[in-house]
Amino acid sequence: MKPLVSIIIPMFNNEISVTETIKSILKQTYENIELILVDDGSFDNTPKVVEKYVKRDSRVSLFLGEAEGKHKVHQIAMQHAKGDYIVFFEPGCLMSYNLIEYFVELLEQKDSDIFVFDHFPLSEYIMYSPHDIQQESPEENLLTMDNIKYQDYISSTDDHISKNSLILWNKIIKKSWLEKTSYLKDKQELCISYPMLQTPAEIAVSNQILICEVLYDAYFIRVSFNYLSLDVLAFFEKLLIRYKKEKKEDALFNTSIRFLNYLLYVRKQLDYPYLEIYDKKEQRKTMDLKFNSIYKFLLTKFPDKEDLYAQINQDYREEVKLINYREAHPELRATFTTKSNLFSE
């Protein structure tokens, strides 16, 4: 009998993006799936949008959470998941029509605990007309590695490879393996990526492009502060400690550089003039402390490679200097428009 695959989607104010995501899943050529959607206290029409699919297709179910965060939503969904394999998907991502079928075919070749697929971005405007994922994949290449070797893989100098490893929605995970990790038990463990390194696992990485990430509102993404960014920073810190203990010099350097870049990105989010969050000042101080700490570490450990991270440091200092000047002169606030170059990457 073909395995059941449970696809879990946490939602919060996703009435615009979730429809296309659901459509891409229900069009799968592989039909033995269940789609579990959990709304985490949305105050828009997200639950109503999903309810019509619950009525149309018996494979779709909806549960209501209480705004407790994505990790709690995953735990709620896992209480109902009956599948042999789990996909933690996201509103705003689309599956190629044959993703699950391709995965099941891989099962005949590899009995891995985790399967990882590649992805590409899709501009928002394309969403206004019917489409399917048509990004051409390169010649198939399937890598298999254990969780220890996976550390080296995610420390690659290639940013795309690193992101592919860190995100959760491009992975199919064996449920029996997932239940062995701390992810479903630990109240504070928000990132599955680290348990993947801690728990023995066989990981299969495919270069086939089977998922796309839709940029529904690139401007909103850039100027809104996503607290899940803090989980990524925490993950980088754990990696650095691990690489330092294991004396993996290249991995330590690559991850430190990536950490600096991400801190700069988060600092720019926090510096948007119209961003209103209760702990903005505290978060800025935290970013500054982390950045200074990593930068000093690089200067001490890798002084001969300063030319590779000096520009990041300069950009960060200029960002802080600009924001300090702007906040000392509130009369200039109106001159910062939505086209500000603060958010260029």
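Quick caveat: nothing in here was measured; it's all calculated off a predicted structure.

The rules we used
In every chain, residue numbers begin from 1 and rise along the written sequence. Note on the predicted model: pLDDT of at least 70 is required for a residue's local features to be given, and 80 or more for side-chain atom pairs to be given and counted; whole-chain, interface and lining totals, by contrast, use all residues. Excluding hydrogens and water, the side-chain figures rest on all heavy atoms present in the structure. Going along the chain from the N terminus, every DSSP run of H or I of four or more residues is numbered as a helix, and every run of E of two or more is numbered as a strand. When checking whether two residues touch, look at their non-hydrogen atoms; a contact exists if any pair is within 4.5 Å. Per-residue and other accessible areas follow the Shrake-Rupley method at a 1.4 Å probe size, with only the shown protein chains counted as cover for residues. Throughout this description, the term nonpolar core refers to a set of buried Ala, Val, Leu, Ile, Met, Phe, Trp, Tyr and Cys residues connected via side-chain atoms within 4.5 Å. Burial classification: accessible surface area is computed with a 1.4 Å probe over protein chains only, and a residue below 20% of its type maximum counts as buried, one above 50% as exposed, and the rest as partly exposed. Every case where a carboxyl oxygen of Asp or Glu lies within 4 Å of a side-chain nitrogen of Lys or Arg is listed as a salt bridge. Think of the arc as the fan of directions from the helix axis to the C-beta atoms. Inter-axis angles, ranging from 0 to 180 degrees, are taken between N-to-C directions of lines fitted to C-alpha atoms, where helices are fitted over the stretch in contact. Throughout, the term roughly parallel applies to angles under 35 degrees, roughly antiparallel to angles over 145, roughly perpendicular to angles from 65 to 115, and oblique to all others. Helix crossings fall into two classes, left-handed where the near helix is turned counterclockwise from the far one by less than a right angle and right-handed where it is turned clockwise. Residues are grouped as follows: Ala, Val, Leu, Ile, Met, Phe, Trp, Tyr, Cys and Pro are nonpolar; Asp, Glu, Lys and Arg are charged; all remaining types, including Gly, are polar. Aromatic pairs are defined between Phe, Tyr and Trp rings, using the six-membered ring for Trp, whenever the two ring centres lie within 6.5 Å; interplanar angles under 30 degrees are classed as stacked, those over 60 as edge-to-face, and all others as tilted. Look at NZ for Lys and CZ for Arg. If either is within 6 Å of the ring centre and within 35 degrees of the ring normal, a charge sits over the ring.

Trainee: Talk me through the overall build of the protein chain; I want residue IDs and the actual numbers.
Mentor: Counting secondary structure elements, the protein chain contains 13 helices and nine strands. Counting contacts in the protein chain only where the partners sit at least 6 residues apart, residues at least 24 apart contribute 81% of the total. For the protein chain, the exposed surface amounts to about 17600 Å²; the carbon and sulfur share of it is 51%.

Trainee: Provide a residue-level description of the nonpolar core, including the pertinent values.
Mentor: Ranked by size, the top nonpolar core spans 56 residues in total, and within it F88, Y150, I154, L178, I203 and L298 carry the most contacts. Listed in part, the 35 residues of the second largest apolar core include Y85, Y102, V104 and A204.

Trainee: Any details on the pattern of salt bridges? Residues and values, ideally.
Mentor: In this structure the tally under the stated criterion is twelve salt bridges. Close ionic contact of K301 with E249 constitutes a salt bridge, the shortest N to O distance being 3.5 Å. Of this pair, K301 sits in helix 12 (residues 280-301) while E249 sits in helix 11 (residues 249-270), and the two are 52 residues apart along the sequence. Overall, E249 belongs to the partly exposed group, its relative accessible area being 34%. Residues joined in a network through salt bridges with shared partners are R267, D271, R284, D288 and E327.

Trainee: Tell me about helix 2 (residues 46-56), and please be specific about residues and values.
Mentor: Inspection of helix 2 places T46, P47, V49, V50 and Y53 among the buried residues, and these make up the whole buried set. Along the axis of helix 2, the buried residues cluster in a sector spanning 160°; they form a single face. Of the exposed residues in helix 2, the ones pointing more than 90 degrees away from its buried face are K48, K55 and R56. Next to the buried residues of helix 2 lie strand 1 (5-11), helix 1 (18-26), strand 2 (33-39) and strand 3 (60-64).

Trainee: Talk me through the side chain of R284; I want residue IDs and the actual numbers.
Mentor: Counting through the fold element by element, R284 comes out in helix 12. Contact partners of R284, with chain neighbours within four places excluded, come to R267, L270, D271, I323, R326 and E327.

Trainee: Hey, could you go over the packing of helix 11 against helix 12 for me, with residue numbers and the actual values?
Mentor: Running from N to C, helix 11 and helix 12 cross one another at 155°; their axes reach a closest spacing of 10 Å. Relative to helix 12, the element helix 11 is oriented roughly antiparallel. Handedness of the helix 11/helix 12 crossing: left-handed. Where helix 11 abuts helix 12, its residues E249, L252, F253, S256, I257, F259, L260, L263, V266, R267 and L270 lie against K280, Q283, R284, M287, D288, K290, F291, I294, Y295, F297, L298 and K301. In terms of residue class, the contact of helix 11 with helix 12 is made up of 14 nonpolar, two polar and seven charged.

Trainee: Pulling in residues and values, what's your account of the packing of aromatic side chains?
Mentor: Applying the stated criterion across every chain, the model contains 14 aromatic pairs. Geometrically, the ring pair formed by F12 and F43 is edge-to-face, given 5.8 Å between the ring centres and 85° between the ring planes. Here F12, found in the loop between strand 1 and helix 1, pairs with F43, found in the loop between strand 2 and helix 2; they are 31 residues apart in sequence, far enough to count as distant. Look at F43 and you get exposed, because its relative accessible area is 69%. Aromatic side chains F297 and F302 sit 6.4 Å apart centroid to centroid with 85° between the ring planes, which places their arrangement in the edge-to-face category. Relative accessible area serves as the criterion here: at 5%, F302 is assigned to the buried category. Through a chain of ring-to-ring contacts, the aromatic side chains of F253, F291, Y295, F297, F302, Y309 and Y316 assemble into a single cluster. Here the basic side chain of R56 rests over the ring of Y53, its NZ or CZ set 5.2 Å away from the ring centre. Here the guanidinium or amino end of K305 rests over the ring plane of F253, the centre of that ring lying 4.5 Å away.

Trainee: Let's hear about the environment of N226: which residues, and what values?
Mentor: Position of N226 relative to the elements: it lies in the loop between helix 9 (218-223) and helix 10 (229-245). With a relative accessible area of 41%, N226 lands in the partly exposed category. On a C-alpha basis, the gap between N226 and L270 in space is 9.7 Å, while along the polypeptide they are 44 residues apart.

Trainee: Requested: an account of the environment of L99, with residues and values cited.
Mentor: Looking at the secondary structure, you find L99 in helix 4 (residues 99-107). Each C-alpha atom, one on L99 and one on Q208, is 9.4 Å from the other, the two residues being 109 residues apart in sequence. With sequence-adjacent residues up to four places away left out, L99 is seen in contact with Q28, F117, I172, L210 and I211.

Trainee: I'd like to hear about unusual backbone geometry, residue by residue, with values.
Mentor: Although it is not a glycine, N13 adopts a positive phi angle of roughly 55°. Along the chain, N13 turns up in the loop between strand 1 and helix 1. Look at N13 and you get partly exposed, because its relative accessible area is 25%. Phi at K247 is positive, roughly 55°, even though this residue is not glycine.

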